[in-house]
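# Examining the three-dimensional arrangement
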Amino acid sequence: MPKKCECASCYFEFEVEDDVIEGEVIPCPDCAADLEIVEISGSTVKTQVAEISEEDWGE
Ligand SMILES: [Zn+2]
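All figures in this text were calculated on a predicted structure; none of them were measured in a lab. (Residues numbered from 1 in each chain as written. Predicted model: local features only at pLDDT ≥ 70, side-chain atom pairs only at ≥ 80, totals over all residues.)

## Considerations on the overall build of the protein chain
Looking only at helices and strands, the protein chain features 0 helices and 5 strands. Starting at the N terminus, the α and β elements of the protein chain follow one another as β-β-β-β-β. Here the contacts in the protein chain between residues at least 6 apart in sequence split such that 27% fall between residues at least 24 apart. (Helix = DSSP H or I, 4+ residues; strand = E, 2+ residues; numbered from the N terminus. Contact = placed C-beta atoms within 7 Å.)

## Remarks on the environment of Val-49
Topologically, Val-49 is positioned in strand β5 (residues 44–49). Owing to 16 C-beta atoms within 10 Å, Val-49 belongs among the partly exposed residues under this scheme. Separated by 23 residues in sequence, Val-49 and Ile-26 have C-alpha atoms that sit 9.7 Å apart. Apart from residues no more than four positions distant in its own chain, Val-49 is found in contact with Ala-8, Ser-9, Ala-33, Asp-34 and Leu-35. (Buried ≥ 20, exposed ≤ 12 C-beta atoms within 10 Å, placed from the backbone.)

## Comments concerning the pairing of strand β4 (residues 34–41)
Sheet topology note: the strand β3 (residues 25–27)/β4 ladder contains 3 bridges and is antiparallel. Within β4, the residue paired with Val-25 across the bridge is Glu-36. Here β3 folds back onto β4, and the loop between the two strands holds 6 residues, one of which, Ala-32, carries a positive phi near 70 degrees. Adjacent in sequence and paired antiparallel, β4 and β5 are bridged by 2 residues, among which Gly-42 carries a positive phi angle near 65 degrees. (Pairing = 2+ DSSP bridges.)

## Here's the deal with the sheet that holds β4
Taken in spatial order, the 5 strands line up as β2-β1-β5-β4-β3 in an open sheet, and their pairing is mixed. Each of the sheet's edge strands pairs with one partner strand only, and the pair in question is β2 (13–16) and β3. Taking the axes of each pair of neighbouring strands and ignoring which way they run, one obtains an average angle of 40 degrees across the sheet. Relative to β2, strand β1 (residues 3–6) is paired through 4 bridges, and the arrangement is antiparallel. What sits directly across from Cys-5, in β2, is Phe-14. (Axes fitted to C-alpha atoms, helices over the stretch in contact; angles between N-to-C directions.)

Next comes the structure, spelled out in structure tokens:
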């Protein structure tokens, strides 16, 4: 079941995969902010705007 997530930047509500983990960074589908998952409780995911300076996006 997808989880509900609210963007910490624009408060847009969207769904994320149920295999997300705390600390994962996902883009907001509305404002494209980078959101770090800070808490997963039940079917709700809390985010904060990620402070990305030297993020490890590499493969
Ligand atoms: Zn947003």
